[in-house]
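Results of the structural survey
The primary structure of each chain is shown beneath.
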Amino acid sequence: MKVEVINNEEKNKKPFPKLMISENGSIVFFESRNLGQCLHCPYNNSKIGRIYNDWSMESFGDFDGKITLEND
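Below is a short write-up of the structure. Please read these numbers as outputs of a predicted model, since none were measured by experiment.

Quick word on the overall build of the protein
A tally of regular secondary structure across the protein gives zero helices and five strands. Evaluated residue by residue, the protein yields a buried proportion of 21% over its 72 residues. Sequence separation of at least 24 residues holds for 34% of the intrachain contacts in the protein that already meet a minimum separation of 6.

Dropping the structure here:
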């Protein structure tokens, strides 16, 4: 039996600044590693627009979707 695994995750990572999404659905605009602004944080106490410098990067991956910001 032969098994081959090719993981392109590292190759496809975008450089900072970029949008990233967490395992729980939070979307953050990262200026650099660990430094980001919360855009959509449905399951924690992070406030939209607040900037944090201690995000747990292990739970984030690059976000390839689309976000629209507008005033109500």
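And the narrative resumes.
A few points about the packing of aromatic side chains
Counted under the stated rule, the structure contains four aromatic pairs. With a centroid separation of 5.2 Å and 80 degrees between ring planes, the pair formed by Phe 30 and Phe 60 is classed as edge-to-face. Placement of Phe 30 in strand 2 (residues 27-32) and of Phe 60 in strand 5 (residues 60-62) is noted, with a sequence separation of 30 residues between them. Across the pair, Phe 60 and Phe 30 agree in class, each one buried. With 5.3 Å between their ring centres and 85 degrees between their planes, Tyr 52 and Trp 55 make a pair best called edge-to-face. Here the aromatic cluster, defined as three or more aromatic residues joined through ring pairs, consists of Phe 30, Tyr 52, Trp 55 and Phe 60.

Brief notes about the state of the cysteines
Under the counting rule described, the total for this entry stands at one disulfide. The disulfide partner of Cys 38 is Cys 41, and the S-S distance across this bridge is 2.1 Å. Accessibility assignment for this pair places Cys 38 and Cys 41 in one class, buried.

Let's talk about the side chain of Ser 22
With respect to the helices and strands, the residue Ser 22 is situated in strand 1 (residues 18-22). Residue classification places Ser 22 among the buried residues on the basis of a relative accessible area of 11%. If we skip the residues at most four places from it in the chain, Ser 22 touches Ser 59 and Phe 60.

About the cut-offs
- Residues numbered from 1 in each chain as written.
- Predicted model: local features only at pLDDT ≥ 70, side-chain atom pairs only at ≥ 80, totals over all residues.
- Heavy atoms only, no water.
- Helix = DSSP H or I, 4+ residues; strand = E, 2+ residues; numbered from the N terminus.
- Buried < 20%, exposed > 50% of the residue type's maximum accessible area, 1.4 Å probe, protein only.
- Contact = heavy atoms within 4.5 Å.
- Phe/Tyr/Trp six-rings, centres within 6.5 Å; stacked < 30°, edge-to-face > 60°.
- Disulfide = S-S within 2.5 Å.

Read these as geometric descriptors, not functional statements.
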